[in-house]
Amino acid sequence: NLAVKDSALWLHENAIERLRRQFELITKVCPGLFYNQMEKIDSKIVEELIETGEGQTIDFKESPILSDGFKLARILTSFANTNGGFLLIGVRNDRALEGLAKNEEYQTKIISIAHDICDPPLTPSVHLYEKGGICVYVVKVSKFKVYPYSVKLKGGNSYFIRSGDTVRGAHP
């Protein structure tokens, strides 16, 4: 009877250890999946991105992009289908900060669009940059590894790539 209890305890502890390792792996592969807090990003990185300006891997958008899921999904998939990149929401084309307020719902909206409108679902990381009460949401998209990403539309999926600082339609 003691051997059965010891065996059950060992199985239980082994299962807990396996779950812990799986959780660590998942959180490395999909950071932010289990935590709803936005990570702050090093201000030097954001300032360098803004100073560099828009191009193949950097795009600036003002807050209205958050109300247009299609446009946001086009940008995210174009980064994934090219070389990856950074979308800075709250930065104007002239590199000035828009004055966007901190709002946890913005992160949720970005992640939802990336998951629900992009096919397959994208998992970008969303970081928060704050300077003097003004926020910039930095969305980092990695280049695809296996297959291209598309935007779901009623008539079928559309594919996009980056060409310089613009988004262009593409065919898989």
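The shown structure was predicted, so the numbers you read here are calculated from the model rather than taken from an experiment.

Procedures and definitions
- Residues numbered from 1 in each chain as written.
- Predicted model: local features only at pLDDT ≥ 70, side-chain atom pairs only at ≥ 80, totals over all residues.
- Heavy atoms only, no water.
- Helix = DSSP H or I, 4+ residues; strand = E, 2+ residues; numbered from the N terminus.
- Buried < 20%, exposed > 50% of the residue type's maximum accessible area, 1.4 Å probe, protein only.
- Polar contact = N/O pair within 3.5 Å; in protein donor to acceptor, adjacent residues only side chain to side chain.
- Contact = heavy atoms within 4.5 Å.
- pLDDT = per-residue confidence, 0-100.
- Patch = residues over 30% accessible without salt bridge, like charges linked within 9 Å, V, L, I, M, F, W, Y side chains within 5 Å.
- Areas by Shrake-Rupley, 256 points an atom, 1.4 Å probe, with all protein chains shown as cover.
- Salt bridge = Lys/Arg side-chain N within 4 Å of Asp/Glu carboxyl O.
- Lys, Arg positive; Asp, Glu negative; His and termini not counted.
- Charge placed at Lys NZ, Arg CZ, Asp CG, Glu CD.

Student: Would you take a moment to explain the environment of Gly99 for this structure?
Tutor: Looking at the element boundaries, Gly99 is found in the loop between strand 3 (85-89) and helix 4 (104-116). Separated by 33 residues in the primary sequence, Gly99 and Gly132 have C-alpha atoms spaced 9.5 Å apart.

Student: Can you help me understand the side chain of Thr77 in this one?
Tutor: Following the sequence through the fold, Thr77 ends up in helix 3 (residues 69-81). Accessibility expressed as a relative area gives 0% for Thr77, which makes it buried. Reaching out from Thr77, the side chain makes a polar contact with the backbone oxygen of Arg74 at a distance of 3.2 Å. Every residue in contact with Thr77, bar those within four places of it in the chain, is listed here: Cys118, Leu122, Tyr149, Ser150, Val151 and Phe160.

Student: Looking at this model, I keep getting lost on unusual backbone geometry. Mind explaining?
Tutor: With the exception of glycine, most residues fall at negative phi, and the peptide bonds are largely trans. Following Asp119, the chain continues to Pro120 via a peptide bond in cis, the omega torsion being -5°. Topologically, Pro120 is positioned in the loop between strand 4 (118-119) and strand 5 (125-131).

Student: How should I be thinking about the confidence of the model for the chain in this particular structure?
Tutor: Detailed reading of predicted coordinates is not advised where the pLDDT is low. In this model, the chain carries a mean pLDDT of 83, and residues with pLDDT of at least 70 account for 77%. Across residues 33-37, where pLDDT falls below 50, the model places 10 contacts with residues more than four positions away in sequence or in other chains.

Student: Even after reading the chapter, I still don't get the side chain of Ser150, so can you show me in this structure?
Tutor: If you trace the backbone, Ser150 turns up in strand 7 (residues 150-153). A distance of 2.9 Å separates the side chain of Ser150 from the side chain of Asn157, its partner in a polar contact. Ignoring anything within four residues of it in the chain, the contact list for Ser150 reads Thr77, Ile117, Cys118, Asp119, Asn157, Ser158 and Tyr159.

Student: Before we go on, may I ask you to explain a negative patch on the surface in this structure?
Tutor: Residues Asp42, Glu47, Glu48 and Glu51 make up a contiguous surface patch of negative charge. Residue placement: Glu48 occurs in helix 2 (residues 43-52). Exposure remark for Glu48: the relative accessible area of 55% places this residue in the exposed category.

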